[in-house]
Amino acid sequence: MEEIRIVKDSFRILVVNPLIDYTKYGIFENDTSLYEWDVPVKKEWEKLSIHEQAKYRTKSIINHIEDIGIGLTSIDAVCGRGGLLRPISGGTYRINEKMINDLEQARYGFHVSNFGALIANKIEEKLNIPSYIADPVVVDEMMDLAKSTGLPKRKRKSIFHALNQKSVAREIASQLNANYDDLCFVIAHLGGGVTVGAHQYGRVIDVNNGFDGEGPMSFERAGSIPNHHLIDMCFLEGKTEKQIKQKIIFESGLKSYLEIQDFDELDRAYAERQKETEEVFDILAYQVSKEIGKMSAALSGNVNAIGLTGNLANYSYLTDKIINQTSWIADVYIMPGENVLSSLYQAAYRVLTEQEQAIQY
């Protein structure tokens, strides 16, 4: 695929974050969000192939952009959320045929984020603009030592909120008048899953696998639990493999303690059952603080700053508890939210302005 090079001062970038029930997209220019919208996914699309669903999701975005009156020819590039690919280093990747084949065939597993590159690629074909993904969840920069376990043939995997973690680390570095590649951070993403990464000079050398539920509990994951409890679930409670995975990955954590299903219900629980909710926050804060301590040790104590991000970072009671236990390590910065769209924009912008070179997958 021939590289498309653009030389100009201002860039208008389309960014795409596919979710299960809708596709979130935004149009950014000069660090400003011009427009953001959620385009619903029709129920009948769920039965389609990955390729066909990507086609319909793309068409719905294009139609919506035309309906709101933004000229398609004004868009300079498109960047989609990265999906489940082979383990790769962090950075902004040019979408190519090999990437598309891996995602369409779900060669490394299927997740709704797989649609990000597929949609971006189809938009590239229609508009003749470059398409990218950035820092997908499979970013693997872990030290070999960090992957080792007590079983020689069982290795830890790097699956985490790479996009938001690296974006937050870059923002903190900017506030410190430094470059991300020159500093060390511990970044904790607190959301449906919790991942805490040790960032050393631009590389995440260790991080818990939040996709599988390793590490602290989260909004819906059990986190690491004693081995004998897991063994009992497998052999003594008569649960199937599917039921066990459903329980520990999607039905544990805050959801289980507070008997809630989503973040709106968490808001209501905090308003109506404040003491009970804060007691659960105490558990989460303690576990996250311990993980921050572990990752600080992975950095040999050389930590320039700690970052707290993700949707749960909006709760000051929770973040205050974590700060109280970890601020002796380094200053703590709170940057709530997932920040997917703005992070995708920044990644594509760095490439277009030649601050960073796009990587070939």
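Residues numbered from 1 in each chain as written. Predicted model: local features only at pLDDT ≥ 70, side-chain atom pairs only at ≥ 80, totals over all residues. Heavy atoms only, no water.

> Can you explain the packing of aromatic side chains? Please cite residues and give values.
Considering all chains together, one arrives at 12 aromatic pairs under this definition. Judged by centre distance (6.3 Å) and plane angle (40°), the rings of Tyr-25 and Tyr-35 are tilted. Of this pair, Tyr-25 sits in strand E2 (residues 22-29) while Tyr-35 sits in strand E3 (residues 32-40), placing them 10 residues apart in sequence. Judged by relative accessible area, which is 0%, Tyr-25 ranks as buried. Given the relative accessible area of 22%, Tyr-35 is considered partly exposed. Between Phe-110 and Phe-115 the ring centres are 5.8 Å apart and the planes differ by 80°, which places this aromatic pair in the edge-to-face class. With a relative accessible area of 45%, Phe-110 lands in the partly exposed category. One Lys or Arg, Arg-57, reaches over the ring of Phe-115 and ends 4.7 Å from the middle of that ring. (Phe/Tyr/Trp six-rings, centres within 6.5 Å; stacked < 30°, edge-to-face > 60°. Helix = DSSP H or I, 4+ residues; strand = E, 2+ residues; numbered from the N terminus. Buried < 20%, exposed > 50% of the residue type's maximum accessible area, 1.4 Å probe, protein only. Lys NZ or Arg CZ within 6 Å of the ring centre and 35° of its normal.)

> With reference to specific residues and values, describe the nonpolar core.
Residues Leu-14, Ile-65, Leu-85 and Met-99 are the most contacted members of the largest nonpolar core, which totals 35 residues. Looking at this core, the elements with two or more residues in it are strand E1 (12-18), E2, helix H1 (50-67), helix H2 (97-104) and helix H3 (115-127). Counting residues per element, this core draws most heavily on H3, at 6 residues. Setting aside residues up to four positions removed in sequence, Ile-65 forms contacts with Leu-14, Tyr-25, Ile-27, Ile-70, Leu-72 and Ile-75. Ala-188, Phe-281, Leu-308 and Ala-330 belong to the second largest nonpolar core, which has 33 residues in total. (Core = buried A, V, L, I, M, F, W, Y, C linked by side-chain atoms within 4.5 Å. Contact = heavy atoms within 4.5 Å.)

> Tell me about H1, and please be specific about residues and values.
Between its first and last C-alpha atoms H1 spans 26 Å; for 18 residues at 1.5 Å apiece the expected length is 26 Å, and the two agree. Packing partners of the buried residues in H1 comprise E1, E2, E3, H2 and H3. One or two positions beyond H1, positive phi appears at Gly-69, with a value near 90°. (Expected span 1.5 Å × (residues − 1).)

> Describe the packing of H2 against H3, naming the residues involved and giving the relevant values.
Direction vectors running N to C along H2 and H3 enclose 135°, while the axes themselves pass 9 Å from each other. Taken together, H2 and H3 sit at an angle that is classed as oblique. Judged by the twist between their axes, the crossing of H2 over H3 is left-handed. Two secondary-structure elements touch here, H2 through Met-99, Ile-100, Leu-103 and Glu-104 and H3 through Ala-117, Leu-118 and Asn-121. Class assignment for the residues of the contact of H2 with H3 results in 5 nonpolar, 1 polar and 1 charged. (Axes fitted to C-alpha atoms, helices over the stretch in contact; angles between N-to-C directions. Parallel < 35°, antiparallel > 145°, perpendicular 65-115°, else oblique. Left-handed = near helix turned anticlockwise from the far one by under 90°. Nonpolar A, V, L, I, M, F, W, Y, C, P; charged D, E, K, R; others polar.)

> Explain the side chain of Asp-102 residue by residue, including any values.
Among the secondary structure elements, Asp-102 is positioned in helix H2. Judged by its relative accessible area of 0%, Asp-102 falls in the buried class. Apart from residues no more than four positions distant in its own chain, Asp-102 is found in contact with Leu-85, Arg-107, Tyr-108 and Tyr-361.

> Tell me what's going on with the sheet that holds strand E9 (residues 203-207), and back it up with residues and numbers.
An order of E9-E8-E7-E10-E11 is seen for the 5 strands of this open sheet, with the pairing classed as mixed. Two strands bound the open sheet, and with one partner strand each, they are E9 and strand E11 (332-336). Direction aside, the axes of adjacent strands within the sheet are offset by 25° on average. Direction of pairing for strand E7 (residues 184-190) relative to strand E8 (residues 194-200): antiparallel, over a ladder of 7 bridges. Residue pairing across strands places Ile-187 opposite Gly-197, the latter belonging to E8. On top of the sheet, helix H10 (residues 274-298) reaches E7, E8, E9 and strand E10 (305-310); it is set at about 20° to E8, its chief contact. (Pairing = 2+ DSSP bridges.)

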